[in-house]
Amino acid sequence: MKINPIYKVRKVAGENIILLQGKTNGDMTRVVAFNESALLMWDSLQGKDFTLDDAVAVLLENYEVEESVARADAGKWVEMIRENGLLLPE
C-alpha cells in the first residue's frame, strides 16, 4: 500500500489534520486528525510502498511498547487511512 501524495498534513490550531473535501453538494468536508504516533507513521511511510509490518516497525523503533500493542495500533491506523481514502488504489 502507498499513501496518496495529494494529501498533506497541516498544523491548524495545534492539531495535525488533513481536510477531505466532499465530492458533491450533499457531502461535507471531513477532517482527519493525527495524534503524535499517527503523524510519525504518516511521515515515516509517506512516499514508500509499505506493509502493516512496516508501520509496526515504526512504532517499535520509536516507542517502548509490546509488539502486540504496536501491531494493534498500526492496524487501526492503516484501517483509518484506508477508510478515509488516503491510500492510493491498489
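Refer to the structure above for everything that follows.
Since the model is a prediction, treat every value here as computed from it, not as a measurement.

Rules and cut-offs
Residues numbered from 1 in each chain as written. Predicted model: local features only at pLDDT ≥ 70, side-chain atom pairs only at ≥ 80, totals over all residues. Heavy atoms only, no water. Helix = DSSP H or I, 4+ residues; strand = E, 2+ residues; numbered from the N terminus. Areas by Shrake-Rupley, 256 points an atom, 1.4 Å probe, with all protein chains shown as cover. Lys, Arg positive; Asp, Glu negative; His and termini not counted. Charge placed at Lys NZ, Arg CZ, Asp CG, Glu CD. Core = buried A, V, L, I, M, F, W, Y, C linked by side-chain atoms within 4.5 Å. Buried < 20%, exposed > 50% of the residue type's maximum accessible area, 1.4 Å probe, protein only. Contact = heavy atoms within 4.5 Å. Arc of directions from axis to C-beta. Polar contact = N/O pair within 3.5 Å; in protein donor to acceptor, adjacent residues only side chain to side chain.

## Describing the overall build of the protein
Helix and strand counts for the protein come out as three helices and three strands. The linear arrangement of helices and strands in the protein, starting from the amino end, is β-β-β-α-α-α. If you line up the protein on its principal axes, its C-alpha atoms span 45 × 35 × 20 Å. Counting every atom, the protein has about 5,900 Å² of accessible surface; 50% of that belongs to carbon and sulfur. Charge separation in the protein, taken as the distance between the mean sites of 10 positive and 15 negative side-chain charges, equals 9 Å.

## Here we look at the nonpolar core
Most often, soluble globular proteins have nonpolar side chains that are buried together. By size, the foremost hydrophobic cluster in this structure holds 23 residues, and its most contacted members are F34, W42, W77 and I81. Put simply, the parts of the chain that give this core at least two residues each are β2 (15–20), β3 (30–34), α1 (36–45), α2 (52–62) and α3 (67–83). If we skip the residues at most four places from it in the chain, W42 touches I3, Y7, V9, I18, F34, W77, I81 and L86.

## Let's talk about the environment of Q46
Within the secondary structure, Q46 sits in the loop between α1 and α2. With residues near it in sequence (within four places) discarded, Q46 still touches I3 and Y7.

## Quick notes on α2
Of the positions making up α2, those classed as buried are A55, V56, V58 and L59. On an axial view of α2, the arc spanned by its buried residues comes to 150 degrees, and they lie on one face. Taken together, the buried residues of α2 touch α1 and α3.

## A word on the side chain of N84
Residue position: N84 is located in the segment after α3. Among the polar contacts listed, one links the side chain of N84 to the backbone oxygen of M80, at a separation of 2.9 Å. Those residues in contact with N84 that sit more than four places away from it in its chain are L20, R30 and V32.

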